[in-house]
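For reference, the chains in residue letters:
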Amino acid sequence: MTQKISSLDLKKLLDISIYCYTCNACSMVCPLNLVKDFSPRYFLSQLRLNGLKDMDSFLADNEDIYKCITCQQCMTECPMSKPGEGMNIVEIIRILREYSFENKLNAKELQQHCTHQSMMQLNSTLHSQSASVINRIDYIRSDPSLKFTDTGEIGLFLGCFQFMEDLFEIPNREFTDIARGAIKLLNQNDIIPVILETKCCGHDLYWMGDTNNTKRLAEFNVQKFKDAGVKTIITECAEGYYMWKYVYPKLVIECDFKVIHFSEYIIQSELLKKMFMHPLKMKVTYHDPCRLGRLSNVFEPPRQILSILPGITYLEMKHNRTTSLCCGVSAFLDCNAEKKVFRELRIQEAMDIGADYIVTTCPKCIVHYNCYLKEVSTNIQISQNPNDQDSRPLPKLIDLSTFLAKYFMLI
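Visitor: Just checking my understanding: could you explain the overall build of the protein chain for this structure?
Guide: Secondary structure assignment for the protein chain yields 20 helices and nine strands. For a compact globule of 411 residues, the expected C-alpha radius of gyration is about 22 Å, and the protein chain comes in at 21 Å, within 12% of that figure. With the principal axes as the frame, the protein chain shows a C-alpha extent of 65 × 60 × 40 Å. Taking all 411 residues of the protein chain together, the buried fraction comes to 57%. Summarising the internal contacts of the protein chain: among those between residues at least 6 apart in sequence, 79% fall at separations of at least 24.

Visitor: I tried to follow the pattern of salt bridges on my own but got confused; where do I start?
Guide: Within this structure, the stated rule accounts for 18 salt bridges. Measuring nitrogen to oxygen at the nearest pair gives 2.7 Å for the salt bridge that ties Glu349 to Arg346. One end of the pair, Glu349, and the other, Arg346, are both in helix H18 (residues 340–352), three residues apart, so they sit about a helical turn from each other. Several salt bridges share partner residues, and in doing so they unite Asp288, Glu300, Arg303, Glu316 and Arg321 into one network.

Visitor: Looking at this model, I keep getting lost on helix H17 (residues 300–307). Mind explaining?
Guide: An α-helical segment advances 3.6 residues per turn. Residues three or four places apart therefore align on the same side. Residues of H17 that are buried include every one of Pro301, Pro302, Arg303, Ile305 and Leu306, and no others. At its buried positions, H17 is contacted by helix H16 (262–269), strand E6 (282–286), strand E7 (312–315), strand E8 (357–360) and helix H20 (400–407).

Visitor: Explain the packing of helix H12 (residues 174–188) against H20 here, please?
Guide: Angle between the axes and distance between the axes: these two values describe a pair of packed helices. The N-to-C vectors of H12 and H20 enclose an angle of 60°; their axes lie 8 Å apart at closest approach. Considering the angle they form, H12 stands oblique to H20. Regarding H12 and H20, the two cross each other, and that crossing is left-handed. Contacts between H12 and H20 involve Glu174, Asp177, Ile178, Gly181, Ala182 and Leu185 on the former and, on the latter, Ser401, Thr402, Leu404, Ala405 and Lys406. Per-class residue counts for the contact of H12 with H20 are five nonpolar, three polar and three charged.

The rules behind the values
Residues numbered from 1 in each chain as written. Predicted model: local features only at pLDDT ≥ 70, side-chain atom pairs only at ≥ 80, totals over all residues. Heavy atoms only, no water. Helix = DSSP H or I, 4+ residues; strand = E, 2+ residues; numbered from the N terminus. Rg over C-alpha atoms; globule rule 2.2 N^0.38 Å. Buried < 20%, exposed > 50% of the residue type's maximum accessible area, 1.4 Å probe, protein only. Contact = heavy atoms within 4.5 Å. Salt bridge = Lys/Arg side-chain N within 4 Å of Asp/Glu carboxyl O. Axes fitted to C-alpha atoms, helices over the stretch in contact; angles between N-to-C directions. Parallel < 35°, antiparallel > 145°, perpendicular 65-115°, else oblique. Left-handed = near helix turned anticlockwise from the far one by under 90°. Nonpolar A, V, L, I, M, F, W, Y, C, P; charged D, E, K, R; others polar.

This is the structure we're talking about:
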């Protein structure tokens with residue numbers, strides 16, 4: 001028999017949705033309105049008119065709950081949104097996805113919206129249901145220049161970098177270099193971080209509605225670091241940071257770590273003052289990932305870092321901080337031709353300011369912007385008329401820790 005939505009979740013939906021008075025501010029800034037794919041205001045009105053009366057019928061075969069990219073840009077303009085209370089469309093979407101997933105109301109629609117043959121979701125599910133660890137760190141162990149330990153108070157969570165490197169065709173060992181670069185930079189500050197073979201953080205499962213398996217992953221990872229004596233968790237990945245900082249404490253009672261993003265650690269430790277600067281000449285901009293920026297309010301540390309490097313000219317794109325453009329793919333859901341518009345707009349903004357590099361801290365942004373850049377580069381190469389293409393060079397996409405490690409010639 002189909003499980004009914006709990007009275008607690010129903011009350012939460014009611015408490016949140018009642019704040020909306022259909023001013024349409026959310027739809028005016030929703031990036032999906034660019035492709036006429038989704039309207040937050042319309043979705044909320046349908047939820048209040050139909051969903052709260054018969055949730056099962058409302059969600060059955062409803063694709064809209066997966067079209068939302070959960071970027072939270074709508075909430076930056078919503079006059080009824082306040083920290084910790086008021087309207088929160090993203091949380092409404094997440095609750096509905098959870099209920100739909102648990103009750104198998106639209107499994108077919110979810111499968112159709114998963115990208116890359118559902119490999120990322122399958123990887124996370126296997127992690128949650130397997131006793132053994134799938135995220136191996138052999139690539140760390142095999143590098144004698146990296147200093148790390150199995151026990152200590154400061155841990156570095158690496159997530160799925162190795163798996164993503166194996167799955168996606170990104171040049172120059174991008175994902176494993178993120179881990180190597182982060183460890184090298186920590187070592188420069190005499191920090192020997194705890195590096196463990198953990199499981200996926202569960203971000204994608206959480207945002208597609210599979211909260212039960214996310215909880216299993218959280219429990220495993222938390223216990224691993226607890227057993228190692230870790231007190232502080234450093235993450236480089238924006239999604240890993242969001243999960244450890246905001247989601248894990250909800251799912252695991254004993255999750256009481258201090259969670260800090262890698263960029264925050266660099267600023268707080270004043271690490272860059274202790275390192276030899278190399279006056280390279282290049283123009284750099286920063287792309288705010290949704291999970292680190294709008295959802296976690298970490299905007300300034302990456303900018304502070306990039307702004308003080310000798311030889312680096314730091315530039316801002318037109319949309320930045322709370323107005324930053326999303327890459328268009330959250331939880332590896334719904335990557336399609338329409339969403340490519342978001343990547344095209346973002347790359348164009350970087351080109352407009354003449355940036356050589358776009359620095360970010362989100363693996364998904366790296367995957368999808370690099371995918372777009374590869375496509376554009378190929379089109380330029382095969383173009384019979386070069387004048388049809390923008391003559392300015394394309395920017396390169398790179399992670400913050402990789403950029404810094406290469407700047408200081410550590411990798």
